[in-house]
Amino acid sequence: MRSPLFKIVMTFYGIIGSTLASVLVVIALVNGVSGLWPLLGAAAVGFVIGLPVSYYVARAMMGD
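What comes next concerns the included structure. The structure presented is a predicted model; accordingly, all values stated were derived computationally and were not measured.

**Thoughts on the packing of helix 1 (residues 4-30) against helix 2 (residues 36-62)**
Pairs of packed helices are described in terms of their axes, by the angle between the two and the distance that separates them. It is at 6 Å that the axes of helix 1 and helix 2 come closest, and there the two elements cross at 145°. Between helix 1 and helix 2 lies a crossing of right-handed hand.

**A closer look at a nonpolar patch on the surface**
On the surface, a cluster of nonpolar side chains totalling about 400 Å² of accessible area is made up of Val-45, Ile-49, Val-53, Val-57 and Met-61. Position of Met-61 relative to the elements: it lies in helix 2. For Met-61, a relative accessible area of 61% gives the class exposed.

**Here's the deal with the nonpolar core**
Ranked by size, the top nonpolar core spans five residues in total: Leu-5, Val-9, Phe-12, Ile-16 and Ala-58. If you tally residues by element for this core, the top one is helix 1, at four residues. The residues contacting Leu-5, other than those within four sequence positions of it, are Tyr-55, Ala-58, Arg-59 and Met-62.

The rules behind the values
Residues numbered from 1 in each chain as written. Predicted model: local features only at pLDDT ≥ 70, side-chain atom pairs only at ≥ 80, totals over all residues. Heavy atoms only, no water. Axes fitted to C-alpha atoms, helices over the stretch in contact; angles between N-to-C directions. Helix = DSSP H or I, 4+ residues; strand = E, 2+ residues; numbered from the N terminus. Left-handed = near helix turned anticlockwise from the far one by under 90°. Patch = residues over 30% accessible without salt bridge, like charges linked within 9 Å, V, L, I, M, F, W, Y side chains within 5 Å. Areas by Shrake-Rupley, 256 points an atom, 1.4 Å probe, with all protein chains shown as cover. Salt bridge = Lys/Arg side-chain N within 4 Å of Asp/Glu carboxyl O. Buried < 20%, exposed > 50% of the residue type's maximum accessible area, 1.4 Å probe, protein only. Core = buried A, V, L, I, M, F, W, Y, C linked by side-chain atoms within 4.5 Å. Contact = heavy atoms within 4.5 Å.

In structure tokens:
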């Protein structure tokens, strides 16, 4: 059985990860990046950064 923290982290990760990915893609587009792989890389970096951010947000909300 998974802990309540895990469920909250995964819920936030769906929101925070996609938001960070889209923000980084928009930043890349504004800076003139037009290739597929650099844009996918920017999205991947957003999803990777979203996991620890989601963890810290969930821990802060639970009071740990």
